[in-house]
Amino acid sequence: MARQDDKFTMEAVVVEALPNAMFKVRLPNEQRTEILAYVSGKMRKHYIRILPGDTVTVEMSPYDLTKGRITFRGR
């Protein structure tokens, strides 16, 4: 069973908007890794708009580091 605390949270920049509320985001590491991220349920419920170039907070599972969930949109 995975616990709620077993996730990585980091800032990322949205690179591309894809269909079905999916986004390619670039992580701020040395390799400039791009992962596939989807919008969390609360953000989708409240119609939070995300555009390329936005800074977002991404949660990732330690089991699959190629996918993530966008939980907060910054500036």
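Look a little higher up for the structure.
Residues numbered from 1 in each chain as written. Predicted model: local features only at pLDDT ≥ 70, side-chain atom pairs only at ≥ 80, totals over all residues. Heavy atoms only, no water.

Enquirer: Hey, could you go over the pairing of strand 5 (residues 67–73) for me, with residue numbers and the actual values?
Expert: The side chains of a regular strand alternate between the sheet's two faces. Bridging between strand 3 (residues 34–39) and strand 5 involves four bridges; their strand directions are parallel. Opposite leucine 36, over in strand 5, you have lysine 67 as the bridge partner. Between the end of strand 4 (residues 55–60) and the start of strand 5, which pair antiparallel, lie six residues. (Pairing = 2+ DSSP bridges. Helix = DSSP H or I, 4+ residues; strand = E, 2+ residues; numbered from the N terminus.)

Enquirer: Help me get a handle on the sheet that holds strand 4, residues and values and all.
Expert: Within the closed barrel, the five strands sit side by side as 1-2-3-5-4. Their pairing is mixed. When strand polarity is set aside, the average angle formed by the axes of neighbouring strands in this sheet is 55°. Note that strand 2 (residues 22–26) and strand 3 share five bridges and pair antiparallel. Its bridge partner lying in strand 3, lysine 24 is registered against leucine 36. (Axes fitted to C-alpha atoms, helices over the stretch in contact; angles between N-to-C directions.)

Enquirer: Before we move on, could you go through the side chain of threonine 57 and cite the residues and values that matter?
Expert: Here threonine 57 shows up in strand 4. There is a polar contact of 3.1 Å between the side chain of threonine 57 and the side chain of glutamate 11. With residues up to four places along the chain from it excluded, the contact list for threonine 57 reads Thr9, Met10, Glu11, Arg69, Ile70, Thr71 and Phe72. (Polar contact = N/O pair within 3.5 Å; in protein donor to acceptor, adjacent residues only side chain to side chain. Contact = heavy atoms within 4.5 Å.)

Enquirer: Before we move on, could you go through the pattern of salt bridges and cite the residues and values that matter?
Expert: Going through the model one piece at a time under the given rule, you end up with four salt bridges. Among the salt bridges present, the one from glutamate 34 reaches arginine 26, with a minimum N-O distance of 2.7 Å. For glutamate 34, a relative accessible area of 38% translates into the label partly exposed. One salt bridge connects glutamate 59 with arginine 69, and the closest N-O pair in it is separated by 2.7 Å. Note that glutamate 59 is positioned in strand 4 and arginine 69 in strand 5, a separation of ten residues in sequence. With relative accessibility at 17%, the residue glutamate 59 sits in the buried group. On the accessibility criterion, arginine 69 (30% relative accessible area) is partly exposed. (Salt bridge = Lys/Arg side-chain N within 4 Å of Asp/Glu carboxyl O. Buried < 20%, exposed > 50% of the residue type's maximum accessible area, 1.4 Å probe, protein only.)

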